[in-house]
4 protein chains.
Amino acid sequence: MNFASDNVFAAHPAVFAALTKANYGAAKSYGADHVTDEAQEAMRDLLQAPDAVVRFVATGTAANALVCAQLSPPYGRIYCHDDAHIQTSECGAPEFFTHGAKLVTLQGDGGNLHPDTLSRAIADGADEGLNGGMNAMVSITNATEWGTVYSPDQVAALAAISHDAGLPLHMDGARFSNAAAHLGCSPAELTWKSGVDALCFGGTKNGAMGAEAVVFFDPARAEGFDYRRKQAGHVFSKNRFLAAQMLALATDGLWLDLAIRANAKASVLGQAVQNGGGRLLQPVQSNGVFAAITPETDQRAKAAGAYYYPWPDPSVAGTGLVPIRLVCAWDTPDQDIAALGSILAG
Amino acid sequence: MNFASDNVFAAHPAVFAALTKANYGAAKSYGADHVTDEAQEAMRDLLQAPDAVVRFVATGTAANALVCAQLSPPYGRIYCHDDAHIQTSECGAPEFFTHGAKLVTLQGDGGNLHPDTLSRAIADGADEGLNGGMNAMVSITNATEWGTVYSPDQVAALAAISHDAGLPLHMDGARFSNAAAHLGCSPAELTWKSGVDALCFGGTKNGAMGAEAVVFFDPARAEGFDYRRKQAGHVFSKNRFLAAQMLALATDGLWLDLAIRANAKASVLGQAVQNGGGRLLQPVQSNGVFAAITPETDQRAKAAGAYYYPWPDPSVAGTGLVPIRLVCAWDTPDQDIAALGSILAG
Amino acid sequence: MNFASDNVFAAHPAVFAALTKANYGAAKSYGADHVTDEAQEAMRDLLQAPDAVVRFVATGTAANALVCAQLSPPYGRIYCHDDAHIQTSECGAPEFFTHGAKLVTLQGDGGNLHPDTLSRAIADGADEGLNGGMNAMVSITNATEWGTVYSPDQVAALAAISHDAGLPLHMDGARFSNAAAHLGCSPAELTWKSGVDALCFGGTKNGAMGAEAVVFFDPARAEGFDYRRKQAGHVFSKNRFLAAQMLALATDGLWLDLAIRANAKASVLGQAVQNGGGRLLQPVQSNGVFAAITPETDQRAKAAGAYYYPWPDPSVAGTGLVPIRLVCAWDTPDQDIAALGSILAG
Amino acid sequence: MNFASDNVFAAHPAVFAALTKANYGAAKSYGADHVTDEAQEAMRDLLQAPDAVVRFVATGTAANALVCAQLSPPYGRIYCHDDAHIQTSECGAPEFFTHGAKLVTLQGDGGNLHPDTLSRAIADGADEGLNGGMNAMVSITNATEWGTVYSPDQVAALAAISHDAGLPLHMDGARFSNAAAHLGCSPAELTWKSGVDALCFGGTKNGAMGAEAVVFFDPARAEGFDYRRKQAGHVFSKNRFLAAQMLALATDGLWLDLAIRANAKASVLGQAVQNGGGRLLQPVQSNGVFAAITPETDQRAKAAGAYYYPWPDPSVAGTGLVPIRLVCAWDTPDQDIAALGSILAG
């Protein structure tokens, strides 16, 4: 019963099939091969963005941090949520890749930045002068680290504020597929049509072995990016094996199918948590369930072999309850969800 | 007829089998899984180094540059050959990862550093004072960028000079397997028994999809390395898929079998080049053939679809000949070698 | 009437005299001169730290950021106050010099870190694993950015927590002299005797033109520091002109006299503010006055030519009052203080 | 008898006078003061460049490295001479500030880059693709590290090649004044009129305590430069004391007078060296004398207290002679020159 993360689960058979297909004799290296061409084209189609620059890397941290370095100078201020993955979970990768940029983190319920909060922060940053660094970019995560989603309208509101200040908007889409699945909107609507300038489209948490697409909707923003990626050790010589994974996901809507599946499992799990007396800390909008349970329930679940992380939530402080995060993948076994449900019900 | 590099060829079926085997339900992420454990253990066995710290990354550039950052401060001097991959082919990755170290490049025939050259350079560096930076480490490539190999004795001589000056010795072993295959010595003899402190053991050019092992023989030298790797975006969440590749290579001597195969093909190719009137620029000691051919031969080969790189060699200057590099992989088709032989023979 | 900062004021005549004296014919460059020797010795005497490594740089940002880079790896977590100068006012210099370290900022009244806060934060950081980076160092400012001071006991409490976790303690002493002057304790008591490992002893805000001393009490912590300073462009060829400034301050207790003078002026000003109906936001313990005044008073003062900064203080929110910072230097004219007092009194 | 460098000598009285004049009560910090305004204006006048952005830093290493970081991305190739100060004497500062750029060093007699050499190197670099990094900028030193000078025509030839390739041209002018003094041309002719994009105009080696001007002739190239300088700890709070030094040098042609004086002394010294049987390795075109003397002469001079550096010159190899560098400053005592002349004469 592993609900620790969606990255603990397997790669989809179609991904393996694509890798096998890509494993013919000789192919040009460093991305000059046909599989890479096809995968880039598939991603541009998926995003209805024929001019976009698409590149593949193997980890979400690399994807996000390379984009930060592309969009922010060393002395830049990068606005993001307090709980943004780039702030909490990447070991300072954005600071390392940018060579010193400052993450300016902002509060917001459920992992969501409110437009007013962003607007004030950007204005404050502009007043900082040399002391505080230069306003450089805004980064949001969709689906958020709290399992909630930004709608296209919400993205557009944040994009408008960013653009008014001359700042590009980055979307960390490690779970972009889950957000799109929940919203039922097109990837285009949720990204460039809403003002997103750079997207990290996650594959690893959605059926790939290790593959993410970095997308710059305006090619001008991608200038020099291949050098940057190379210098960071993130250009693969056998690039077709990265590309094949994304190609598989982009083919016949597999990315969406898998996300729909994972979301549905989380929905069932969220209901089970409530049935068992747990309290949802956020609505279940993607593939994560954030809940508060009693210490007894927590111990019972762990004793039964359930594996998941605590998830600090100030709103729970003082209640005696244990806040937790449960994540479902496309292939989380239904019986595990049922079993956890039974355990929670006591 | 692709002789451009060994990285243009396929992954071995055993690597795919290992990936498939690793693709069971849920596994702990970030390298806490059993496949990673097994692969690390297999590498330690292969190297007869039970205490070594073994980590996996996906590219040779990442492996080398992370080791440089681990062994050199930003103000360090890193001694290497003029033609070292870290100098010529990694887009400044060592400088980027170390945050400013200076590669001090040295001449040497056939890609080999001579002990006297290294010794003098280190002494000169020590005289530089603050201006020139601080002596930090020595890096050699084995097999070299010219397809030659350092014997254990040669490695030991360079290690002794390095260690006398207090500097660790790094071996870029993108083609380590090919060197060991040529020499017929054990990996241990060619590394820690000869004084190597850190090894990048290549998999990508020898049958993997994209996997390299970074090895620190003294665990004390690996302190903080996991953080460093994480911050650079080189910790995979589904690490088992990196590990499985190296596990396959380390199992039943596959790494050696494949290298023997590639070397044998290069040997045949080298003979064919000579039969066709080409001149070998270096003895064929691994899987690369470095040769000078006539412009007519060069054009004939290219017109016939042979794909390879020119390889600047000052010794050829003024002769009118074209210096080239031809590389064989474990699966370079024999008929391609035969075909190129025929073309060269005219 | 300039109360904007202590760095807006002049250099002391003794500093100029020392510079003039240092301006004899030829002297060895890069700090190998006699003035540098004397100044280092004078600082060691002042600190009763005969083994300390003392180096001079020209700016406080350089001093702090170089120390951070010396004590934290790129993947380090540096604990400091929310309002620490290294966080708010150095344009990301610590991140730049460390190559990516994360400043983990903590709340605390009046710019002071409470031991419990630090203790909890370090424990939390240790739990972060690779995601959050590695606990690396603690940095406090004394006098703080709110004009308050840490006593030797308070420093010792924070040092004990740091050291228990294996972390060195840095003191940003841009206004160290003001703190020592207020406390009446020796520099030794306030630093190494209380567990401080590295000190930035400010000169610029206390009568120098531009000079700070960086002090490592344990020479082992200074290994390679000269290279680091050189690589950052902070080794002066005519180093005697940096050293002479600090020598002047260290001679005959000038550093303390000037701080006592500045503190006394701030004390008078603080009283004047209160007499004028202003509310002190923090007790006046050094050379800064932090106060809340009415908007009318604020406008009257500005209209009269008083120059100072607003200083956001959440405790003032909603009161309609304007929170401000007023800083005195050793040579702030008494008539300016009196004049401002009159204006505030209305 | 100190001929080690021009940075071992004193600051000019006019510089001190300017510092004293700048030391009035309160002034705005961080360069918003009137002295800074005046000094910037004076430099723009001196360079006949009314639109140029002028900033002051305290060291030549900072000036050069900040310009490199401004003009080159981390993955850039910076073309310079083998003996360029940025390569040999700045401890990797350019690599540190740029975050990884590669200095591509080129041979050239007497420290001068030949246009053909540069042209070929840039073309080779363009062929490197991702492996070698991206062509970014060209840096020359004038006067060179060998005491020779580039004429405006020579600069223009290098600038044309650089600009044809889309690369900006930087001039390290640590001894710019000496070059201009020798050539008798205007600073404008030797810089922007010849195609120089960024200039580091040295003060420290020409009568200042520690001050250099960084000049961007096209303001667009200076975008964000103040943040970059701040983040590197090179923005002085009491900036007037940096500015005052440059203002003194820029006033009434002091910069030129001092350089003429230093050059004249070198000229006398060069003659004395030849009279004593020494061989000049390069013509004396600025304030340095590069010569080969016998080991006996070398020992005699050192025994008599002469202080200077050996200066490796391959052309001297095997002759048994000792290659040395002798540098004169504006205030090198004439009797020292005479004395050294006598010693050399035997």
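Residues numbered from 1 in each chain as written. Chains lettered and ligands numbered in written order. Predicted model: local features only at pLDDT ≥ 70, side-chain atom pairs only at ≥ 80, totals over all residues. Heavy atoms only, no water.

Colleague: Describe the overall build of chain A, with residues and values.
Modeller: From N to C terminus, chain A includes 14 helices and 11 strands. In terms of C-alpha radius of gyration, chain A reaches 20 Å, essentially the compact-globule figure of 20 Å for 346 residues. In terms of overall dimensions, chain A has a C-alpha envelope of 60 × 55 × 30 Å along the principal axes. Buried positions account for 67% of the 346 residues belonging to chain A. Accessible area of chain A: about 11,000 Å², with a carbon and sulfur share of 51%. Taken as two groups, the 22 positive and 34 negative side-chain charges of chain A have centres that lie 6 Å from each other. (Helix = DSSP H or I, 4+ residues; strand = E, 2+ residues; numbered from the N terminus. Rg over C-alpha atoms; globule rule 2.2 N^0.38 Å. Buried < 20%, exposed > 50% of the residue type's maximum accessible area, 1.4 Å probe, protein only. Areas by Shrake-Rupley, 256 points an atom, 1.4 Å probe, with all protein chains shown as cover. Lys, Arg positive; Asp, Glu negative; His and termini not counted. Charge placed at Lys NZ, Arg CZ, Asp CG, Glu CD.)

Colleague: Which residues make up the relation of the copies chain B and chain C, and what are the values?
Modeller: A rotation about an axis combined with a shift along that same axis relates the two copies of the chain. Aligned on chain C, chain B shows an RMSD of 0.0 Å; the corresponding rotation is 180 degrees and the shift along the axis is 0.0 Å. Here the transformation between the copies is reduced to the relation of a two-fold axis. The position closest to the rotation axis in chain B is occupied by the C-alpha of B:H99, lying 3.4 Å away. Interface overlap between copies is the fraction of interface residues in one copy that are interface residues in the other; for chain B against chain C it reaches 100%, indicating a shared surface. (Least-squares fit on C-alpha atoms with pLDDT ≥ 70 in both. Contact = heavy atoms within 4.5 Å.)

Colleague: Break down the relation of the copies chain A and chain B for me, with residues and values.
Modeller: Between the two copies, chain A and chain B, the superposition gives an RMSD of 0.0 Å; the rotation angle is 180 degrees and the shift along the axis is 0.0 Å. A share of 100% of the interface residues of chain A reappears at the interface of chain B, consistent with the copies meeting face to face through the same patch.

Colleague: Now, about the interface of chain B and chain C: what can you tell me, with residues and values included?
Modeller: Tallying the contact residues gives 20 residues for chain B and 20 residues for chain C. Of the roughly 1,800 Å² buried between chain B and chain C, counting both surfaces, carbon and sulfur atoms make up 63%. Of all residues in chain B, B:Y75, B:L130 and B:Y227 bury the most surface against chain C, accounting for 40% of the area lost on that side. On the surface where chain B and chain C come into contact, there are zero salt bridges. Put simply, chain B and chain C have 11 residue pairs in polar contact (both at pLDDT 80 or more) between them. (Buried area = accessible area lost by both parts, 1.4 Å probe. Salt bridge = Lys/Arg side-chain N within 4 Å of Asp/Glu carboxyl O. Polar contact = N/O pair within 3.5 Å; in protein donor to acceptor, adjacent residues only side chain to side chain.)

Colleague: So what about the side chain of B:H85? Which residues, and what values?
Modeller: Note that B:H85 resides in helix α4 (residues 85–88). Excluding residues within four positions of it along the chain, B:H85 makes contact with B:T61, B:E90, B:E145, B:D172 and B:K205.

Colleague: Could you give an account of the pattern of salt bridges, naming the residues involved and the relevant values?
Modeller: Residue and element names in this part refer to chain D. With the rule as written, the count across this model stands at 32 salt bridges over all chains. Put simply, R221 and D197 hold a salt bridge, and the shortest N to O gap is 3.9 Å. Here D197 lies in the loop between α9 (187–190) and β6 (198–202) and R221 lies in the loop between β7 (212–216) and α10 (225–231), a separation of 24 residues in the sequence. Residue class for D197 comes out buried when judged on its relative accessible area of 13%.

Colleague: Can you explain the packing of aromatic side chains? Please cite residues and give values.
Modeller: Scanning all chains against the criterion turns up 46 aromatic pairs over all chains. When the ring of B:F201 is compared with that of B:W255, the centres are 5.9 Å apart and the planes differ by 65 degrees; the resulting orientation is edge-to-face. Here B:F201, found in strand β6 (residues 198–202), pairs with B:W255, found in helix α12 (residues 254–275); they are 54 residues apart in sequence, far enough to count as distant. For B:W255, a relative accessible area of 7% gives the class buried. A centroid spacing of 4.9 Å and a plane angle of 70 degrees characterise the contact between B:F216 and B:F225, whose relative ring orientation is edge-to-face. Accessibility classification places B:F216 together with B:F225 in one group, the buried group. An aromatic cluster of at least three residues, connected via ring pairs, comprises A:F96, A:F97, B:F96 and B:F97. Positioned above the aromatic ring of C:Y24, the side-chain terminus of C:R240 is 5.0 Å from the ring centre. (Phe/Tyr/Trp six-rings, centres within 6.5 Å; stacked < 30°, edge-to-face > 60°. Lys NZ or Arg CZ within 6 Å of the ring centre and 35° of its normal.)

Colleague: Lay out helix α3 (residues 60–71) of chain C with the relevant residues and their values.
Modeller: All names here are of chain C. For α3, which comprises 12 residues, the first-to-last C-alpha distance of 17 Å matches the rise-based estimate of 16 Å (1.5 Å per residue) to within 8%. Judged by how many residues are buried, α3 sits mostly within the fold: 11 of 12 residues are covered. Listing the buried residues of α3 in full gives T61, A62, A63, N64, A65, L66, V67, C68, A69, Q70 and L71. (Expected span 1.5 Å × (residues − 1).)

Colleague: Describe the sheet that holds strand β8 (residues 279–280) of chain D, with residues and values.
Modeller: Within the open sheet, the four strands sit side by side as β8-β9-β11-β10 (chain D). Their pairing is antiparallel. Each having just a single partner strand, β8 and β10 (309–310) of chain D make up the two edges of the open sheet. (Pairing = 2+ DSSP bridges.)

Colleague: For the pairing of strand β3 (residues 102–106) of chain A, give the residues involved together with the corresponding values.
Modeller: All names here are of chain A. Within β3, four of the five residues are buried, which leaves it mostly tucked inside the rest of the structure. Pairing of strand β2 (residues 76–81) with β3, which is carried by five bridges, proceeds in the parallel orientation. Residue Y79 lies in a different strand from β3, and its bridge partner there is V104.

Colleague: Give me the sheet that holds strand β8 (residues 279–280) of chain A: which residues, what numbers.
Modeller: All names here are of chain A. Spatial ordering of the open sheet is given by β8-β9-β11-β10, a layout of four strands whose pairing is antiparallel. Only two strands of the sheet have a single neighbouring strand rather than two, namely β8 and β10 (309–310). Where β10 lies against strand β11 (residues 322–327), two bridges are found, and the strand directions are antiparallel. Directly across from Y309, in β11, lies its bridge partner R325.

Colleague: How would you summarise the pairing of strand β11 (residues 322–327) of chain C if you had to cite specific residues and measurements?
Modeller: Counting buried residues in β11(C) gives six out of six residues, a clear majority hidden from the surface. Because side chains alternate across β11(C), one face comprises the buried residues C:V322, C:I324 and C:L326, and the other comprises C:P323, C:R325 and C:V327, equally buried.

Colleague: Could you give me a rundown of the interface of chain A and chain B, with the residues and numbers involved?
Modeller: Facing the 47 residues of chain A at the interface are 47 residues of chain B. Summed over both sides, the interface between chain A and chain B buries roughly 3,900 Å², with carbon and sulfur atoms accounting for 59% of that surface. Summed over the three residues of chain A that lose the most area to chain B, namely A:F96, A:Q231 and A:K238, the buried surface amounts to 18% of that side. Where chain A packs against chain B, one counts zero salt bridges. One can count 30 residue pairs in polar contact (both at pLDDT 80 or more) joining chain A with chain B. Elements represented by at least two residues in the side of chain A that touches chain B include exactly α1 (13–22), α3 (60–71), α5 (93–98), α10 (225–231) and α11 (240–250) of chain A. The class makeup of the residues in the side of chain A that touches chain B is 24 nonpolar, 17 polar and six charged. (Nonpolar A, V, L, I, M, F, W, Y, C, P; charged D, E, K, R; others polar.)

Colleague: Explain the environment of B:D172 to me, and be specific about the residues and the numbers.
Modeller: Residues and elements named next belong to chain B. Structurally, D172 is set in strand β5 (residues 169–173). Classification of D172 by relative accessible area gives buried; the value is 4%. If near-sequence neighbours (up to four positions away) are discounted, D172 is found in contact with N64, H85, I140, T141, N142, E145 and C200.

Colleague: Which residues make up the confidence of the model for chain A, and what values do they have?
Modeller: Of the residues in chain A, 100% reach a pLDDT of 70 or more, and the chain-wide mean stands at 97. The ipTM value of the predicted complex is 0.97, and its pTM value is 0.97. (pLDDT = per-residue confidence, 0-100.)

Colleague: Tell me about the environment of A:G108, and please be specific about residues and values.
Modeller: Along the chain, the position of A:G108 falls in the loop between β3 and α6 (115–127). Relative accessible area serves as the criterion here: at 25%, A:G108 is assigned to the partly exposed category.

Colleague: Can you lay out the packing of helix α1 (residues 13–22) of chain B against helix α11 (residues 240–250) of chain B for me, pointing to particular residues and giving the numbers?
Modeller: Residues and elements named next belong to chain B. Packing of α1 against α11 leaves a shortest axis separation of 8 Å and a crossing angle of 140 degrees. The angle between α1 and α11 places the two elements in the oblique class. At the point where α1 passes α11, the crossing takes the right-handed sense. Here α1 contributes A14, V15, A18, L19 and A22 to the contact with α11, which in turn contributes R240, F241, A244, Q245, A248 and L249. Split into classes, the residues belonging to the contact of α1 with α11 amount to nine nonpolar, one polar and one charged. (Axes fitted to C-alpha atoms, helices over the stretch in contact; angles between N-to-C directions. Parallel < 35°, antiparallel > 145°, perpendicular 65-115°, else oblique. Left-handed = near helix turned anticlockwise from the far one by under 90°.)

Colleague: Any details on the side chain of D:N206? Residues and values, ideally.
Modeller: Residue and element names in this part refer to chain D. The residue N206 is located in the loop between β6 and β7 in this model. A distance of 2.9 Å separates a polar atom in the side chain of N206 from the backbone oxygen of W255. Discounting chain neighbours no more than four positions away, the residues touching N206 are S177, L249, W255, L258, A259 and W330.

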